[in-house]
Amino acid sequence: MAGLLESGWRPTPFRQFILKLHSRCNLACDYCYMYEMADQSWRSMPRRMSKAVIDRTAVRIAHHAAAHGLGRVEVILHGGEPLLAGVDHIDYAVTALRSALPPEVDLIVHVQTNGVLLNEAFLDLFRKLDVRVGVSLDGDEQAHDRHRRRGNGRGTYAEVRRGLRLLTADEYRHLFSGLLCTVDLENDPLSTYESLLEFQPPVVDFLLPHGNWDEPPPNWSDSRTPYGDWLIAIFDRWCATSPRRTRIRLFSEIIRLLCGRHSRSETIGLSPVAVVVVETNGAIEQVDTLKSAYDGAAGTLLHVLRDSFDTALLLPAIAARQIGEQALSNECLSCEIVRTCGGGLYPHRYRTGTGFRNRSVYCGDLYRLVTHIRGRVVSTAGSLP
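Below is a summary of the structure that appears in this document. (Residues numbered from 1 in each chain as written. Predicted model: local features only at pLDDT ≥ 70, side-chain atom pairs only at ≥ 80, totals over all residues. Heavy atoms only, no water.)

**A closer look at the sheet that holds strand β1 (residues 16-20)**
- One open sheet accounts for nine strands, arranged β7-β6-β5-β4-β3-β2-β1-β8-β9; its pairing is mixed. Looking at the sheet topology across the chains shown, the edges are occupied by β7 (247-248) and β9 (284-285).
- Direction of pairing for strand β6 (residues 203-207) relative to β7: parallel, over a ladder of two bridges. Bridge pairing in β7 links Val204 to Ile248.
- Its contacts with the sheet place helix α7 (residues 189-197) against β5 (176-182), β6 and β7, and it is angled at close to 145 degrees to β6. (Pairing = 2+ DSSP bridges. Helix = DSSP H or I, 4+ residues; strand = E, 2+ residues; numbered from the N terminus. Contact = heavy atoms within 4.5 Å. Axes fitted to C-alpha atoms, helices over the stretch in contact; angles between N-to-C directions.)

Here is the structure:
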């Protein structure tokens, strides 16, 4: 860190704060990085974030915004399943955040939910507090229920669909921020895509299932590109439709990068990651997808009751997410698409012995997807800047 600072590098302030409002979930999705992968720290976490931790977190965010002159910050209420915290507790949390921040700072609040508990009481609250709502949905009933089940094995598609129908009603639709869909090679890509479009989402995020070199993702192959091919089938359909029926974040970000702009997502590109997590016990952590790598990968020794977010910015593990090419492996640095791919999502690079200084376990898939999109952009625009 001393060398970085002496060279003139300065950390990028956090602009997105993920609050783990509730540490448990009402589903038992078999691919979940929180409950089914390497880090099992959730077992010792308080179920619900206390009001004292909420209050101090709100003050810490306000101090961070003031110290760095931020005009806008984003807070994501997360879990587990954040709706398990209840209407009153969510009301308290959002009110505390809005009260702590001065009016000149634009606070955008999201809640990311599995959708099962969505009802009028929650949606009336979100409308009152202007909270955007994202929902996880993996496709049609068969696709969704393959993994997103309750502990007794019962699928949840019907419950999620009911929640989405309510969310997309006229009085609440303006709150709908989009859908998250985890890629499953057993599901047909075009059927999956079309089933998501039923709800007219403003944005769709297709997420690669978490894996790394120690624990590769399902049906993975280092000599084939099944995930890239799956995504390309959707890209070609999406690209050929005019007007486009939704925005697909991964594709949009790749196109931005190919056109010389910066990424707005940690999944792709070399932009500094400006995200931090506060656990239900008040611990300040790195992005929680790191829990898929190994036990303790996301942890720090910091806590909101005693430490500022500026202190977290100077941790080597967080700096590694902000220094771009300096954190990449030599193999990545020699690749023609490195500035677009950015090495892929950080947790997907992990390998015992070499840590995160490796190419992504999805390297071949990302190369296939990026070069395919590049070819379409060039054929349409004639050239790239």
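Continuing now.
**Comments concerning the packing of aromatic side chains**
- A full pass over the atoms with the stated rule returns 15 aromatic pairs.
- With 6.4 Å between their ring centres and 80 degrees between their planes, Phe14 and Phe309 make a pair best called edge-to-face. Placement of Phe14 in the loop between α1 (2-6) and β1 and of Phe309 in helix α10 (residues 309-313) is noted, with a sequence separation of 295 residues between them. We note that Phe14, like Phe309, is buried.
- Taking the centre distance of 5.6 Å and the plane angle of 90 degrees together, the rings of Trp213 and Trp220 count as edge-to-face. (Phe/Tyr/Trp six-rings, centres within 6.5 Å; stacked < 30°, edge-to-face > 60°. Buried < 20%, exposed > 50% of the residue type's maximum accessible area, 1.4 Å probe, protein only.)

**Remarks on the environment of Asn152**
- Mapping Asn152 onto the fold places it in the loop between α5 (141-145) and α6 (157-167).
- Asn152 sits in the exposed class, given a relative accessible area of 62%.

**Considering the nonpolar core**
- Of all hydrophobic cores here, the largest spans 98 residues; its most connected members are Ile90, Phe126, Phe206 and Phe251.
- In this view, Ile90 contacts Leu21, Leu77, Pro82, Leu83, Ala85, Phe122, Leu125 and Phe126; residues no more than four positions away in its chain are not counted.
- Among the nonpolar cores identified, the runner-up in size contains 13 residues, and Val273, Val275, Tyr346 and Tyr350 belong to it. (Core = buried A, V, L, I, M, F, W, Y, C linked by side-chain atoms within 4.5 Å.)

**Observations regarding the pattern of salt bridges**
- In the structure shown here, the tally under the stated rule is 25 salt bridges.
- One salt bridge connects Arg368 with Asp229, and the closest N-O pair in it is separated by 2.9 Å. A residue pair is termed long-range when its members are at least 10 positions apart, and Arg368 in helix α14 (residues 363-381) and Asp229 in helix α8 (residues 226-240) qualify at 139 residues.
- Of the residues examined, Arg368 reaches a relative accessible area of 35% and is grouped as partly exposed.
- What makes Asp229 partly exposed here is its relative accessible area of 36%.
- When the shortest N-O distance is used, the salt bridge between Glu336 and Arg374 registers 3.3 Å. (Salt bridge = Lys/Arg side-chain N within 4 Å of Asp/Glu carboxyl O.)

**Points about the side chain of Ser136**
- As for its position among the elements, Ser136 is in strand β4 (residues 131-136).
- Within the structure, Ser136 has its side chain in polar contact with the side chain of Gln112 (distance 3.4 Å).
- Those residues in contact with Ser136, other than ones at most four positions away along the chain, are Gln112, Thr113, Asn114, His144, Arg148, Val160 and Leu180. (Polar contact = N/O pair within 3.5 Å; in protein donor to acceptor, adjacent residues only side chain to side chain.)

**Overview of the packing of α8 against α14**
- One way to put it is that α8 packs onto α14 with a least axis distance of 7 Å and a crossing angle of 25 degrees. In this view, α8 runs roughly parallel relative to α14, as classed from their interaxial angle. Regarding α8 and α14, the two cross each other, and that crossing is right-handed. Contacts between α8 and α14 involve Pro226, Tyr227, Gly228, Asp229, Leu231, Ile232, Phe235, Asp236 and Cys239 from the first element and Asp365, Arg368, Leu369, His372, Ile373 and Arg376 from the second.
- Broken down by class, the residue content of the contact of α8 with α14 amounts to eight nonpolar, two polar and five charged. (Parallel < 35°, antiparallel > 145°, perpendicular 65-115°, else oblique. Left-handed = near helix turned anticlockwise from the far one by under 90°. Nonpolar A, V, L, I, M, F, W, Y, C, P; charged D, E, K, R; others polar.)

**Quick word on the side chain of Gln286**
- Tracing the chain through its elements places Gln286 in the loop between β9 and α10.
- The exposure class assigned to Gln286 is buried, which follows from its relative accessible area of 6%.
- Reaching out from Gln286, the side chain makes a polar contact with the backbone oxygen of Ala297 at a distance of 3.2 Å.
- Among residues more than four places away in sequence, those in contact with Gln286 are Val277, Ala297, Ala298, Gly299, Thr300, Ala317 and Ile318.

**Brief notes about the pairing of strand β3 (residues 106-113)**
- Taking burial as the measure, the eight residues of β3 include seven buried ones, the bulk of the element.
- Bridge analysis of strand β2 (residues 72-78) against β3 gives six bridges, and the strand direction is parallel. If you follow Val73 over to β3, its bridge partner there is Leu107.
- Crossover β2 to β3 through helix α3 (residues 87-100) is right-handed.
- Summarising the sheet, β3 and β4 pair through five bridges and their orientation is parallel. Its bridge partner being in β4, His110 is matched across the sheet by Arg132.
- For the segment spanning β3, helix α4 (residues 120-129) and β4, crossover handedness is right-handed. (Right-handed = clockwise from strand over helix to strand, strands pointing away.)

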